[in-house]
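Now for the letters of each chain:
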Amino acid sequence: DTEVTQTPKHLVMGMTNKKSLKCEQHMGHRAMYWYKQKAKKPPELMFVYSYEKLSINESVPSRFSPECPNSSLLNLHLHALQPEDSALYLCASSPAGTGNEKLFFGSGTQLSVL
Amino acid sequence: GESVGLHLPTLSVQEGDNSIINCAYSNSASDYFIWYKQESGKGPQFIIDIRSNMDKRQGQRVTVLLNKTVKHLSLQIAATQPGDSAVYFCAENFDSGGSYIPTFGRGTSLIVHP
């Protein structure tokens, strides 16, 4: 299995909702990442987990809460989002957990906040 | 030709031509660089990488050139095909206090006309 799988593919939520994005990989990779991508813009790093520990938080608002239950799974919990948080949320993984290596991306969750 | 402005830079080429996509990176301490291809509705996919101790690396139909003096990276695609149409991002990795930060550049949209 050489894929990073993200669910759901699309999500529409209101500003008072709580939802979660899920990401899974079975390649034995030790680092996992969340990126946010607006239309026609590059992906922006949000969080990095290395060996199941949060190693990087790029000053992301607390309405985004990451969780890494085990080395194969990564969640992003969403609460009280704003319309400007609408974007494509990409999950990625990398093999050794050093961060200095290529990333394997999922297809993303397209999030709309109403 | 290539157009650069407030929106995503675009490069239009004819099928069979060679394409050159350029990228200026920001951090002189970056030591690993990657080119990704992103097709519509998908996450970025790895194309080719290069470390800072090299100035050229070749793959199948693709070549990456690195000029550290001017902090410039380029991706050359030989005999461009319609399937090469996508957005291309360069990414740089730099060490931020022991953690590597993978950071994407602005991106270039490549359009290949049959």
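Residues numbered from 1 in each chain as written. Chains lettered and ligands numbered in written order. Predicted model: local features only at pLDDT ≥ 70, side-chain atom pairs only at ≥ 80, totals over all residues. Heavy atoms only, no water.

Peer 1: Looking at this structure, how should I read the pairing of strand S4 (residues 31-37) of chain A?
Peer 2: On a regular strand, one side chain projects to one face of the sheet and the next to the other, so that they alternate. All names here are of chain A. The buried fraction of S4 amounts to seven of the seven residues, a majority that puts the element mostly inside the structure. Here S4 shows two buried faces, one formed by Ala 31, Tyr 33, Tyr 35 and Gln 37 and the other by Met 32, Trp 34 and Lys 36. Bridge analysis of S4 against strand S5 (residues 44-50) gives six bridges, and the strand direction is antiparallel. When the sheet's bridge partners are listed, Tyr 33 is paired in S5 with Val 48. (Buried < 20%, exposed > 50% of the residue type's maximum accessible area, 1.4 Å probe, protein only. Helix = DSSP H or I, 4+ residues; strand = E, 2+ residues; numbered from the N terminus. Pairing = 2+ DSSP bridges.)

Peer 1: Would you mind going over the environment of B:Thr108 with me for this structure?
Peer 2: Note on placement: B:Thr108 falls in strand S11 (residues 108-113). Residue contacts for B:Thr108: discarding those within four places in its chain leaves B:Leu8, B:Pro9, B:Leu11, B:Ile21, B:Asn22, B:Ala86, B:Val87 and B:Tyr88. (Contact = heavy atoms within 4.5 Å.)

Peer 1: Explain the environment of B:Leu73 here, please?
Peer 2: Residues and elements named next belong to chain B. Position of Leu 73 relative to the elements: it lies in strand S8 (residues 72-77). What makes Leu 73 buried here is its relative accessible area of 1%. Sequence spacing of Leu 73 and Lys 56 is 17 residues, and the spatial spacing of their C-alpha atoms is 9.8 Å. Contacts of Leu 73, omitting those with residues within four sequence positions, involve Ile 21, Asn 22, Cys 23, Phe 33, Trp 35, Ile 50, Val 64, Leu 65, Leu 66 and Cys 90.

Peer 1: Is there a simple way to explain the sheet that holds strand S3 (residues 18-25) of chain A in this structure?
Peer 2: For sheets, the rule is that strands pair by backbone hydrogen bonds, running either parallel or antiparallel. Residue and element names in this part refer to chain A. Strand order in the open sheet made by the four strands is S1-S3-S8-S7, with antiparallel pairing throughout. Each of the sheet's edge strands pairs with one partner strand only, and the pair in question is strand S1 (4-7) and strand S7 (64-70). Along the sheet, successive strands turn relative to each other by an average axial angle of 20 degrees, direction set aside. Pairing geometry for S3 and strand S8 (residues 73-79), over seven bridges, is antiparallel. Within the sheet, the bridge partner assigned to Lys 18 lies in S8 and is His 79. (Axes fitted to C-alpha atoms, helices over the stretch in contact; angles between N-to-C directions.)

Peer 1: Would you mind going over the pattern of salt bridges with me for this structure?
Peer 2: Side-chain pairing between opposite charges can occur once the charged atoms of the two side chains come close. A complete count under the given rule lists five salt bridges over all chains for this structure. The partner of A:Asp85 in a salt bridge is A:Arg63, and the shortest N-O contact between them spans 2.7 Å. In this pair, A:Asp85 sits in the loop between S8 and strand S9 (87-94) while A:Arg63 sits in the loop between strand S6 (53-57) and S7, placing the two residues 22 residues apart along the sequence. For A:Arg63, a relative accessible area of 23% corresponds to the partly exposed category. B:Glu39 serves as the salt-bridge partner of B:Lys42, at 3.8 Å between the closest nitrogen and oxygen. Judged by relative accessible area, which is 40%, B:Lys42 ranks as partly exposed. (Salt bridge = Lys/Arg side-chain N within 4 Å of Asp/Glu carboxyl O.)

Peer 1: How do you make sense of the sheet that holds strand S3 (residues 19-24) of chain B when you look at a structure like this?
Peer 2: Residue and element names in this part refer to chain B. The strand order S3-S8-S7-S6 describes an open sheet built from four strands, whose pairing is antiparallel. Since the sheet does not close on itself, it has two edges, and those belong to S3 and strand S6 (56-58), each with one partner. Mean inter-strand twist for the sheet, computed between neighbouring axes without regard to direction, equals 15 degrees. Here strand S7 (residues 62-67) pairs with S8 via six bridges, running antiparallel.

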